[in-house]
Amino acid sequence: MATNPNLDLSLYLVSDSTPEILGDKDICQVVEQACKGGVTIVQYRDKHAETSVLIKTATKLHSITKKYNVPLLINDRLDVCLAVGAEGVHIGQDDTPLEAVRSMLPSNAIVGVTASSMEEAEAAIQGGADYLGIGTMFATPTKKDTKSIIGTRGTQEILTRCKTGTKHSVGCVAIGSINAANVQRVIHQSTAGENRLNGVAVVSAIMAAADPQGAASELLQRVKNAPEKFYISTRPGSEVASDKGMFEHIPGIIQKHVSSSVLSHNMTNTVVQNFAANVCLATGASPIMSMNGAEAPDLAQLGGGLVINMGTITPDIMNAYQAGVKAYNAAGNPVLLDPVGGGATSVRRQAIQTLLKAGFYDVIKGNEGEIGAVMGSANIQQRGVDSGPSSSSAQQKVEMVKSLAQKERCLVLMTGATDYLSDGTRTAAISNGSKWLGKITGSGCALGSVVVSYLALHRDDKFVAAMAGILHYELAAERAEQHASCRGPGSFIPAFLDELYLIGQDITSVNVSKLARVE
Ligand code: 3NM
Ligand code: MG
């Protein structure tokens, strides 16, 4: 079995024509505009109309799609496909079996199959499907009876079975609530090694758009540009720093940060707002503590980074947070998720799901319980929001951060006496810091505010940027602890703020590579 070489799945329009989606527009006009906008394949899907209507509409659609050299597939109905000479069919798991479809259609017909699990994907590949419609990505009002919502993690699992991009490949598109706002990160996060989506399928993003041509052309452009925007760690084309090379870069990055006034936008909890703002200022960033989702689109344009911190969430705040991550994703500026207390209550576990669905996070940062909660481990029960005693070995923590970084295709930072940072490929344990950081409130949250401004400042390599932020913070804490005036948590705070500032002033005389305890 080999993929049909003419199959271009980049932007797949499913032309559902229910009135809720289409409004009073004409399906044929919308499909024609979508073809002009650049859709690469069209499926006619109508689960209710009579056969004669299906054939009539499909005939009209086919005469349009042919003009644009775009294949037309019919959902489920081989009879309609054969009657109008369409290029193929798409079948769901409850439709006509693949084998029967293959035996009745001409050998060059395109046949696609819906797959929600690895088993369904394997069966479809064995049966000779040309492509898989993988879903449901996210819950969608367009199809309320979907069997499973699999997200990007479920899509990754299915992709492990699909040798996309090889001679024996099956094409792969994802479907379900995909739109211009989330398409790039959906593609970025839906990869398994070399296997990746060939494109996305949408209904409402085009069919319900006021300007279907514009919507299609914007979507196509985003599909084509996806990997550049959400590069995992190292910007395409830039050099991956070796351990040694990394430490050579870091003083320079810190120095640049000190005089940058780079924006650190904090959507954070009420407990730490003041402390985090002071920490940002001392490191050279410019903090803004805005919880208003309505101003996030403007702030997102300023080239800074955003912290989303779940410390004191309410339903209103959750709405603001979703607006925040969407705005920063759209602007291509970094976002750090701090799932404070993520394992403590069912509200917070749900909040993690909501936030992960809402956007892409360049960094997920938390203590061990919080990172565990993001991984979805059911047996993590936190008391309060503070980090509890850990029972995991260093090796287990390394595995945790690495595996979550691979699943979410982002950086993961697990804080504690030793901090663990991973981009899924490179993983480091950083044991600098001070015992007093564990005795003051908000030290983890404020580290997030620093890491995100470093990410905003240094774009070539997120891992190195995060490392620079962490070391600035932890080395300052180490120096503060040495102050004669530092006798406990209370006197540590001013000494720490001083050192965050002072270490930046003479960073060129600090031997970072010697002081860093990084493995
Ligand atoms: N099939 P929208 S989800 C037609 O999961 C369809 O198999 C799905 O619509 C599946 O792009 C879906 O408007 C509807 O969310 C997708
Ligand atoms: Mg279907």
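**Student:** Would you mind going over the overall build of the protein with me for this structure?
**Tutor:** The secondary structure content of the protein amounts to 21 helices and 18 strands. For 519 residues, the compact-globule estimate of 2.2 N^0.38 gives 24 Å, and the protein sits close to it at 26 Å. Its C-alpha atoms give the protein principal-axis dimensions of roughly 90 × 40 × 40 Å. Going through the 519 residues of the protein one by one, you find that 57% of them count as buried. Taking all contacts inside the protein whose residues are at least 6 apart in sequence as the whole, residues at least 24 apart take part in 71%. Carbon and sulfur atoms form 50% of the exposed surface of the protein, whose accessible area is close to 21,500 Å². With 44 positive and 48 negative side-chain charges, the protein shows a separation of 1 Å between the mean positions of the two kinds.

**Student:** What exactly am I supposed to notice about the sheet that holds strand 2 (residues 41-44) here?
**Tutor:** Two strands in a sheet stick together by hydrogen bonds in their backbones, pointing the same way (parallel) or opposite ways (antiparallel). Taken in spatial order, the eight strands of this closed barrel run 1-2-3-4-5-6-7-10, and their pairing is parallel. Sheet twist, expressed as the mean angle between neighbouring strand axes with direction ignored, is 25°. In this structure, strand 1 (residues 11-14) lies alongside strand 2, joined through three bridges in parallel fashion. Across the sheet, Val-14 pairs through a bridge with Gln-43, a residue of strand 2.

**Student:** It is not clear to me how the side chain of Ser-10 should be interpreted in this structure. Could you clarify?
**Tutor:** Relative to the helices and strands, Ser-10 resides in the segment before strand 1. Note on Ser-10: relative accessible area 8%, which makes it buried. Engagement of the side chain of Ser-10 in a polar contact is seen with the side chain of Asp-8, the distance being 2.6 Å. Discounting chain neighbours no more than four positions away, the residues touching Ser-10 are Thr-40, Asn-198, Gly-199, Val-200, Leu-220, Val-223 and Lys-224.

**Student:** I keep staring at helix 16 (residues 368-375) and nothing clicks. Help me out?
**Tutor:** In an α-helix, one full turn covers 3.6 residues, which means residues spaced three or four apart are oriented alike. Judged by how many residues are buried, helix 16 sits mostly within the fold: seven of eight residues are covered. All of the buried residues in helix 16 are Glu-368, Gly-369, Glu-370, Ile-371, Gly-372, Ala-373 and Val-374. Tucked inside the fold, the buried residues of helix 16 contact helix 7 (151-159), strand 14 (335-338), helix 15 (346-358), strand 15 (363-366), helix 17 (394-408) and strand 16 (411-414). Put simply, Asn-367 is the residue that caps the front of helix 16, since its side-chain oxygen is 3.1 Å from the backbone nitrogen of Gly-369. Count one or two residues on from helix 16 and you reach Gly-376, which has phi positive near 85°.

**Student:** Explanation requested: the packing of aromatic side chains in the structure shown.
**Tutor:** The geometry of an aromatic ring pair comes down to the distance between the two centres and the angle between the two planes. Summed over all chains, the structure comprises four aromatic pairs. Between Tyr-12 and Tyr-131, the aromatic rings sit 5.5 Å apart at their centres with planes inclined by 65°, giving edge-to-face as the arrangement. Residue Tyr-12 is found in strand 1, and its partner Tyr-131 is found in strand 6 (residues 131-134); the two are separated by 119 residues along the sequence. Across this residue pair, the class does not change: Tyr-12 and Tyr-131 are buried. Pairing Phe-492 with Phe-496 gives two aromatic rings, centres 5.3 Å apart and planes at 10°, and the pair type is stacked. In this pair, Phe-492 and Phe-496 are both assigned in helix 20 (residues 489-505), four residues apart and thus about one turn of the helix distant. Note on accessibility: Phe-492 and Phe-496 belong to one class, buried. A connected cluster of aromatic rings, assembled from ring pairs, spans Tyr-473, Phe-492 and Phe-496.

**Student:** Whenever I open this one, the packing of helix 12 (residues 273-283) against helix 18 (residues 443-457) confuses me. Can you help?
**Tutor:** Relative placement of two packed helices is described by the angle separating their axes and the distance separating the axes. One can describe the packing of helix 12 onto helix 18 by two numbers: an axis separation of 9 Å at closest approach and a directional angle of 40°. Between helix 12 and helix 18, the interaxial angle falls into the category oblique. The two elements helix 12 and helix 18 cross, and the hand of that crossing is right-handed. For the pair formed by helix 12 and helix 18, the contact residues are Phe-275, Ala-276, Val-279, Cys-280 and Thr-283 on the first element and Ser-443, Ala-446, Ser-449 and Val-450 on the second.

**Student:** How should I be thinking about the site of ligand 1 in this particular structure?
**Tutor:** Looking at ligand 1, there are 13 residues lining it, with Thr-136, Thr-140, Thr-142, Ser-177 and Ser-204 nearest. The contact in question runs from an oxygen atom of ligand 1 to an N or O atom on the side chain of Thr-142, over 2.5 Å. Within the backbone of Val-203, one N or O atom sits 2.9 Å away from an oxygen atom of ligand 1. Coverage of ligand 1 by the protein amounts to 95% of the 420 Å² it exposes when considered alone.

**Student:** Teacher, can you tell me more about the domain arrangement of the protein here?
**Tutor:** One frequent convention defines the size of an interface as the accessible area lost when the parts assemble. In terms of domain boundaries, the protein breaks down into domain 1 (11-229) and domain 2 (243-378 + 393-515). Relative to domain 2, the C-alpha centre of domain 1 lies at a distance of 39 Å. The interface is formed by 10 residues belonging to domain 1 together with 15 residues belonging to domain 2. Taken over both partners, the interface formed by domain 1 and domain 2 buries close to 1,100 Å², and the fraction arising from carbon and sulfur atoms is 39%. Sorting the residues of domain 1 by area buried against domain 2 places Arg-153, Arg-185 and His-188 first, and these three jointly supply 48% of that buried surface.

**Student:** Help me out: how do you make sense of empty space enclosed by the protein in this one?
**Tutor:** Space left empty within the atom packing is revealed by a probe, the size of a water molecule, rolled over the atoms. Counted by the stated rule, this structure contains one cavity of 30 Å³ or more. If you add up the space inside the largest cavity, you get close to 30 Å³. Residues belonging to the lining of the largest cavity are distributed by class as follows: five nonpolar, two polar and two charged.

Rules of the game
- Residues numbered from 1 in each chain as written.
- Chains lettered and ligands numbered in written order.
- Predicted model: local features only at pLDDT ≥ 70, side-chain atom pairs only at ≥ 80, totals over all residues.
- Heavy atoms only, no water.
- Helix = DSSP H or I, 4+ residues; strand = E, 2+ residues; numbered from the N terminus.
- Rg over C-alpha atoms; globule rule 2.2 N^0.38 Å.
- Buried < 20%, exposed > 50% of the residue type's maximum accessible area, 1.4 Å probe, protein only.
- Contact = heavy atoms within 4.5 Å.
- Areas by Shrake-Rupley, 256 points an atom, 1.4 Å probe, with all protein chains shown as cover.
- Lys, Arg positive; Asp, Glu negative; His and termini not counted.
- Charge placed at Lys NZ, Arg CZ, Asp CG, Glu CD.
- Pairing = 2+ DSSP bridges.
- Axes fitted to C-alpha atoms, helices over the stretch in contact; angles between N-to-C directions.
- Polar contact = N/O pair within 3.5 Å; in protein donor to acceptor, adjacent residues only side chain to side chain.
- Phe/Tyr/Trp six-rings, centres within 6.5 Å; stacked < 30°, edge-to-face > 60°.
- Parallel < 35°, antiparallel > 145°, perpendicular 65-115°, else oblique.
- Left-handed = near helix turned anticlockwise from the far one by under 90°.
- Near = heavy atom within 4 Å.
- Domains from an automatic or database assignment.
- Buried area = accessible area lost by both parts, 1.4 Å probe.
- 1 Å grid on protein atoms, 1.4 Å probe; cavity = no way out; pocket = protein on both sides within 12 Å on 5 of 7 lines; lining within 4 Å.
- Points joined across faces, edges and corners; volume = space filled by probe spheres on them.
- Nonpolar A, V, L, I, M, F, W, Y, C, P; charged D, E, K, R; others polar.

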